[in-house]
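Notes for the structure review
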Amino acid sequence: MLKAVCFDMDGVLYDSMPHHAEAWAKASEDFGLGMTRHDVFMQEGRTGFSTIDIFTRKYWGRPTTHEEVDRMYARKCEYFNALPEAEPMPGARSLLEQIKADGLQIVLVTGSAQHSLLERLNRDYPNIFRSDLMVTGFDVTYGKPDPEPYLMAMHKAAVSPDETMVVENAPLGVRSAVAAGAYTVACNTGPLPDHVLSDEGAALVLPSLQALSDRWKELRID
Ligand code: CA
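Now for the sheet that holds strand β4 (residues 164-168). The parallel open sheet is built from six strands, whose spatial order is β3-β2-β1-β4-β5-β6. Strands with a single pairing partner mark the edges of an open sheet, and in this sheet they are β3 (134-135) and β6 (204-206). Taken together, the four bridges between strand β1 (residues 4-7) and strand β2 (residues 105-109) define a ladder with parallel strand orientation. Considered in β2, the bridge of C6 is made with V107. Relative to the sheet, helix α5 (residues 92-101) contacts β1 and β2, its axis offset from that of β1 by approximately 155°. On the sheet, helix α8 (residues 171-179) packs against β4 and β5 (183-187) and is oriented at approximately 170° with respect to β5.

Where a metal carries four tetrahedral donors, each ideal angle is 109.5 degrees; where it carries six octahedral donors, the ideal angles are 90 or 180 degrees. Protein coordination of the calcium ion is provided by D8 (OD), D10 (O), E44 (OE) and N169 (OD1), with donor distances spanning 2.1 to 2.3 Å. Sequence positions of the residues that donate to the calcium ion give the spacing D-x1-D-x33-E-x124-N. Pair noted here: D8 is in the loop between β1 and α1 (17-30) and E44 is in the loop between α2 (37-43) and α3 (48-60), with a separation of 36 residues, a long-range link. Overall, the relative accessible area of 6% leaves D8 in the buried class.

Before going further, it helps to spend a moment on the packing of aromatic side chains. In this description, an aromatic ring pair is defined by two values, namely the gap between the centres and the angle between the planes. Tallying each qualifying case throughout the model produces four aromatic pairs. Where W24 meets Y73, the ring centres are 6.0 Å apart and the plane angle is 50°; that geometry is what we call tilted. Highlighted residues: W24 in helix α1 and Y73 in helix α4 (residues 66-82), separated in sequence by 49 residues. Arranged with centres 6.3 Å apart and planes meeting at 15°, the rings of F55 and Y59 form a pair that is stacked. In this pair, F55 and Y59 both sit in helix α3, four residues apart, roughly one turn of the helix. Overall, F55 belongs to the buried group, its relative accessible area being 2%. For Y59, a relative accessible area of 36% corresponds to the partly exposed category. A network of ring pairs unites the aromatic residues Y14, Y125 and F129 as a single cluster. Sitting above the plane of the F80 ring, K76 keeps its charged end 5.1 Å from the centroid.

This brings us to the domain arrangement of the protein chain. What the domain assignment reports for the protein chain is domain 1 (4-15 + 87-221) and domain 2 (17-82). Spacing between the C-alpha centres of domain 1 and domain 2 amounts to 23 Å. Opposite the 15 residues of domain 1 that make contact, domain 2 presents 11 residues. Note on domain 1 versus domain 2: buried area summed over both sides is about 1100 Å², and carbon and sulfur give 62% of it. The largest share of the area that domain 1 buries against domain 2 comes from D10, L172 and L192, three residues that together contribute 37% of it. For the interface between domain 1 and domain 2, the tally reads zero salt bridges. Between domain 1 and domain 2 we count two residue pairs in polar contact (both at pLDDT 80 or more) in total.

Below, the discussion takes up the packing of α3 against α4. Two numbers describe how α3 lies on α4: the axes approach to 10 Å, and their chain directions differ by 110°. Here α4 runs roughly perpendicular to α3, going by the angle between their axes. Residues G48, F49, I52, T56 and W60 of α3 pack against H66, E68, V69, M72 and Y73 of α4. Residue composition of the contact of α3 with α4, by class: six nonpolar, three polar and one charged.

Parameters at a glance
Residues numbered from 1 in each chain as written. Predicted model: local features only at pLDDT ≥ 70, side-chain atom pairs only at ≥ 80, totals over all residues. Heavy atoms only, no water. Pairing = 2+ DSSP bridges. Helix = DSSP H or I, 4+ residues; strand = E, 2+ residues; numbered from the N terminus. Contact = heavy atoms within 4.5 Å. Axes fitted to C-alpha atoms, helices over the stretch in contact; angles between N-to-C directions. Donors = N, O, S within 2.8 Å, 3.2 Å for Na, K, Ca; no water. Buried < 20%, exposed > 50% of the residue type's maximum accessible area, 1.4 Å probe, protein only. Phe/Tyr/Trp six-rings, centres within 6.5 Å; stacked < 30°, edge-to-face > 60°. Lys NZ or Arg CZ within 6 Å of the ring centre and 35° of its normal. Domains from an automatic or database assignment. Buried area = accessible area lost by both parts, 1.4 Å probe. Salt bridge = Lys/Arg side-chain N within 4 Å of Asp/Glu carboxyl O. Polar contact = N/O pair within 3.5 Å; in protein donor to acceptor, adjacent residues only side chain to side chain. Parallel < 35°, antiparallel > 145°, perpendicular 65-115°, else oblique. Nonpolar A, V, L, I, M, F, W, Y, C, P; charged D, E, K, R; others polar.

Below, the structure written as structure tokens:
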């Protein structure tokens, strides 16, 4: 029986991934690291440290350092913050409102670490999110694709994996949710082919949040 639905943020609640991809690609170019936009979508969900470490190993043949991560991540954030604020994802609000009306718990699970997250969520999605039902970059040690963030979400909501649905958009986010034992719905809001999401174990791959919102009542009954 479904009791909680966990939502990833970037690429699910907000149409922010094109901006993240652009900012990462520009920052990595500044540092002579060949990270492409495609790479960013494939690695989406990792912490900043883990993302940079993968590419220093790939292109420079060595692990990164905390000093490098601080500089590159700061540069990436500069580029990201210079872009317009990302829009809420079409269909997300109607989906969240249906889930709330069904009496289910709604948990945010993101690798993002910003102190203003809850204010922004409350502005765009009023009366949906609660500070005690959020897992952010401040809470986790490993982050996605480790199951840690979704296991932590289930613990906060006091639910078991078979009572939990996860809504994700990224291959490594799906891997994390599936490893945590949740029923995982992937909304493919980015440029990757659907199979990268089903290959990671998504139970259902839909083209958008709007599609999930439109099918919510039918899925809820199943
Ligand atoms: Ca995401």
